[in-house]
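# Structure assessment
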Amino acid sequence: MNRGPLNGGDDAARGPAFPSEAWDRLVQFETHLKAIERFFNLENHPARSSGPIAFQDNLTTEVMLAERQFRRLVQLGRGIMDETDANLLAFRNYVESEWAGDAARDALLAEYSDQKTWRDSLFLLLEGLQSLTVLAAGLRAANSVNLATFRALGQQFRSLMVHNRFFSPVRARPVFLFAERLGHPIMRRAVVECPSERLRRAMALVLSILNRHLRVLSWVEVGSERREELLDALPLLTLLRSDFVILRPFLEKAFPKRFFSQDKTTRVEEDLRARIDGFCFELQVEARKAFEVFLLDFTQTTSVKRIKGSLEAAHGLLTALLEQAVVAVVGVTLPGTADKDLFPSCVMRRQQSLRLREDLWLFGEVLGHVTEFLISPAAPESKRLAYKGLLDFLTYFENLSMQFVRYSDHEPFEHFCREMRALRDERFMDQLRCEDIASNFDCFRVFIQTILGLVNLRADLHATVLDDVRAKRALMQFVRVA
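Along every chain, residues carry numbers that run from 1 in the direction the sequence is written. Where local features are concerned, this predicted model is filtered to residues with pLDDT of at least 70; where side-chain atom pairs are given and counted, the filter is 80 or more; whole-chain, interface and lining totals use all residues. The side-chain quantities take in all heavy atoms of the structure and omit both hydrogens and water.

## Things to note about the nonpolar core
Keep this limit in mind: Nonpolar core, defined: a set of buried Ala, Val, Leu, Ile, Met, Phe, Trp, Tyr and Cys residues in which side-chain atoms within 4.5 Å join the residues together. Burial classes: relative accessible area under 20% of the type maximum marks a residue as buried, over 50% as exposed, and values in between as partly exposed (1.4 Å probe, protein chains only). In this description a helix means any DSSP run of H or I spanning at least four residues, a strand means any run of E spanning at least two, and both kinds are numbered starting from the N terminus. Only heavy atoms enter the contact rule, under which two residues are in contact if any of them lie within 4.5 Å.
Among the nonpolar cores identified, the biggest contains 99 residues, and Phe29, Phe70, Phe157 and Phe255 are the most heavily contacted of them. In terms of residue count, the dominant contributor to this core is helix H12 (residues 304-330) (13 residues). In contact with Phe255, other than residues within four places in its own chain, are Ala202, Leu205, Val206, Phe250, Phe260 and Ile276. Counting 41 residues, the second largest nonpolar core, distinct from the first, contains Val366, Leu374, Leu423 and Cys434.

Written as structure tokens, this is what we have:
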């Protein structure tokens, strides 16, 4: 929003101020408007293994997503209104569609087409969104939707934005749509304790941008078991990808020119610049990993398990990246600030990652121990005892760390656990049979090492190493020798 009673602009006297209790709903509404606009630019979508979207590709899934988002925007928009406004909108829609003749309809349209108040703008926008919902539903019913049709639907949505006076996020400044207030007392203290006014303004801006993106990520639903609801995350993800493309050059070039080019910079200002440069490098790497690796073929995937796993991975990666950036910026003026001081959820995520890393290491070691016994000339009783240690470890792993494994990787673990329990009656007397089982163990151990390598790359494990002493002590609970 750019002017008028929503921001206390020149038009504030023309209508009641925007209700403060609905401000959070307004922020979410505007963010989703911007997200849909970015969604219709296919360059913001996750990568496809088949390459860029071509004219002959079927975009029915994308149109289905657009329809769901139009409906969501109508709900969010109605949530901004009070009951009287909502009833008035419903009455106007009924009158225009069911009762009024052309002359009466023209009079009604003229009444609020000038958009003298934010209510008039919102009425017009919601009316247009409802029409787009109907159009998208009709397109979705077709056997196929080509690229030109998808673009035309996007152009109709953009025209609503361009001609809307108060609700037009496409007119907003780049980099961020709304100024995220610094609600955390430590972040506010970090800004207040800056030694200069320009550093104070610079810190406040960077923290506002980072927190804004964290807020957008908080609206991404990763817990659903339905494909459509998981895919609903895509517009917000495309908004983030678009913002990241703008953010990096802004922080690297425009930001220092704006705040630090007047005279010689201080040590603290140089520290802030260095930390921002480090974040920009990580942003380039991690955003590519999120959108081109984790979310690869996001809308083409039919497996709910795969979609959920890729979304969880991308969401976790980007959240950790932004939270670590906030901690780094706050540390400029408040050295020693830990992520747990700002984001309590970081502590839980780190503990989960530490536990998963240790238990994956244990998994590989236990498998290696059992494999050695199976291929050795040891007595069948010794082999069976080693196998029972593996069974005990599987029970431990399923009850504790299995929940921290990426959702899309659950199936291989579940399959392996079923196969291992099927060996309960195995006597381990046939050496060829033992070697065949050992070969399967070796294959799964390679898989575990791959998963362990990915876990080690998690941002919340940065600069931490495996506690060898603790891990080896835990290993002795499951390594059994006759």
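Here the narrative resumes.
## Observations regarding the layout of surface pockets
To keep it simple, the criterion reads: A pocket here means an open set of points on a 1 Å grid, computed over the protein atoms alone, that has protein on both sides within 12 Å along at least five of seven lines. A cavity is instead a set of points where a 1.4 Å probe fits but cannot get out; residues with an atom within 4 Å of a point line either one. Grid points are joined across faces, edges and corners, and a volume is the space filled by probe spheres set on the points. Residue type decides the class: Asp, Glu, Lys and Arg count as charged, Ala, Val, Leu, Ile, Met, Phe, Trp, Tyr, Cys and Pro as nonpolar, and the leftover types, Gly among them, as polar.
Put simply, the largest pocket is a space of about 820 Å³. The wall of the largest pocket is formed by 28 residues, among which Glu312, Ala313, Gly316, Arg406 and Arg458 lie closest to the centre. At the level of secondary structure, the elements contributing two or more residues to the lining of the largest pocket comprise helix H11 (267-294), H12, helix H14 (344-375) and helix H17 (431-456). Ranked by residue count, the leading element in the lining of the largest pocket is H12, at 7 residues. A breakdown of the residues in the lining of the largest pocket according to their chemical character gives 14 nonpolar, 7 polar and 7 charged.

## Some words on the pattern of salt bridges
Applied cut-off: Each salt bridge in this description consists of a side-chain nitrogen of Lys or Arg and a carboxyl oxygen of Asp or Glu lying within 4 Å of one another.
Applying the stated criterion to the full structure yields 24 salt bridges. Residue Glu67 is joined to Arg71 by a salt bridge in which the shortest nitrogen-to-oxygen separation is 2.9 Å. Of this pair, Glu67 and Arg71 are both found in helix H2 (residues 60-80), 4 residues apart, which corresponds to roughly one turn of the helix. According to the relative accessible area criterion, Glu67 is buried, its value standing at 5%. Its relative accessible area of 44% is what places Arg71 among the partly exposed residues.

## Structural notes on the packing of aromatic side chains
For any two aromatic rings, the description comes down to two numbers: the centre-to-centre distance and the angle of the planes. We apply this condition: Note on aromatic pairs: the rings of Phe, Tyr and Trp (six-membered ring only in Trp) are paired at centre separations within 6.5 Å, and the planes decide the class, stacked below 30 degrees, edge-to-face beyond 60, tilted for the rest.
According to the stated counting rule, one finds 27 aromatic pairs in the structure shown. On the numbers, 5.7 Å between centres and 45° between planes, the contact of Phe393 with Tyr396 is tilted. With Phe393 and Tyr396 both in helix H15 (residues 380-400) and 3 residues apart, this pair spans about one turn of that helix. What makes Phe393 buried here is its relative accessible area of 0%. With a centroid separation of 5.5 Å and an interplanar angle of 40°, the aromatic rings of Tyr396 and Phe478 are classed as tilted. One end of the pair, Tyr396, is in helix H15; the other, Phe478, is in the segment after helix H18 (468-475), with 82 residues separating them in the sequence. A connected cluster of aromatic rings, assembled from ring pairs, spans Phe363, Phe393, Tyr396, Phe397, Phe413, Phe416, Phe441, Phe444, Phe447 and Phe478.

## Re the environment of Phe123
Looking at where Phe123 falls in the secondary structure, it is placed in helix H5 (residues 118-140). Overall, the relative accessible area of 3% leaves Phe123 in the buried class. For Phe123 and Gly77, which are 46 residues apart along the polypeptide, the C-alpha to C-alpha distance reads 9.0 Å.

## Re the side chain of Ser242
Mapped onto the fold, Ser242 is located in helix H10 (residues 234-259). The exposure class assigned to Ser242 is buried, which follows from its relative accessible area of 9%.

## Remarks on the confidence of the model for the chain
For clarity, the cut-off: Confidence scores labelled pLDDT are given residue by residue by the predictor and lie between 0 and 100.
Across the chain, the average pLDDT comes to 85, with 86% of residues at 70 or higher. Per-element averaging of pLDDT across the chain places helix H3 (residues 83-99) at the bottom with 62 and helix H9 (residues 227-231) at the top with 95. Note that pLDDT drops below 50 for residues 173-177; the model gives that stretch 17 contacts with residues more than four away or on any other chain.

## Some details on the packing of helix H1 (residues 23-39) against H10
When two helices pack together, you describe them by how their axes are tilted relative to each other and by the distance separating the axes. Inclusion rule: For every element, the axis is a line fit to its C-alpha atoms; helices are fit only across the contacting stretch, and the angle between N-to-C directions ranges from 0 to 180 degrees. Any angle that falls under 35 degrees is termed roughly parallel, while one over 145 is termed roughly antiparallel, one within 65 to 115 roughly perpendicular, and all others oblique.
In the contact formed by H1 and H10, the axes pass within 8 Å of each other and the chain directions differ by 80°. With respect to H10, the axis of H1 lies roughly perpendicular. Residues Thr31, His32, Lys34, Ala35, Ile36, Arg38 and Phe39 of H1 form the contact with H10, whose own contacting residues are Leu234, Pro235, Leu236, Thr238, Leu239 and Ser242. Here the contact of H1 with H10 is composed, by residue class, of 7 nonpolar, 4 polar and 2 charged.

## Comments concerning H17
Turn by turn, an α-helix covers 3.6 residues, leaving residues three or four places apart pointing in a common direction. The criterion, for reference: The length a helix should cover is 1.5 Å for every residue beyond the first. Polar contacts, as used here, are pairs of N or O atoms within 3.5 Å; protein pairs need one atom able to donate a hydrogen and one able to accept it. Residues neighboring in sequence count only if both atoms are side-chain atoms.
Relative to the 38 Å expected for 26 residues at 1.5 Å per residue, H17 spans 37 Å between its end C-alpha atoms, a close match to the ideal helical length. Of the positions making up H17, those classed as buried are Cys434, Ile437, Ala438, Phe441, Phe444, Ile448, Ile451, Leu452 and Val455. Against H14, H15 and helix H16 (410-421) lie the buried residues of H17. Two to three positions downstream of the cap, the backbone nitrogen of Leu432 sits 3.0 Å from a side-chain oxygen, assigning the N-cap of H17 to Asp430.

## Quick word on the packing of helix H8 (residues 197-218) against H11
Note the threshold: Here a crossing is called left-handed whenever its near helix is offset anticlockwise from the far helix by less than a right angle, and right-handed whenever the offset is clockwise.
At a closest axis distance of 11 Å, the pairing of H8 and H11 adopts a crossing angle of 20°. Considered as vectors, H8 and H11 are oriented roughly parallel to each other. Like other packed secondary-structure pairs, H8 and H11 cross with a definite hand, here left-handed. Contacts between H8 and H11 involve Arg198, Leu199, Ala202, Met203, Val206 and Leu210 from the first element and Val268, Glu269, Leu272, Ile276 and Phe279 from the second. Its residues assigned to classes, the contact of H8 with H11 shows 9 nonpolar, no polar and 2 charged.

## Digging into unusual backbone geometry
Residues other than glycine seldom take positive phi values, yet Asp297 does so here, at roughly 60°. With respect to the helices and strands, the residue Asp297 is situated in the loop between H11 and H12.

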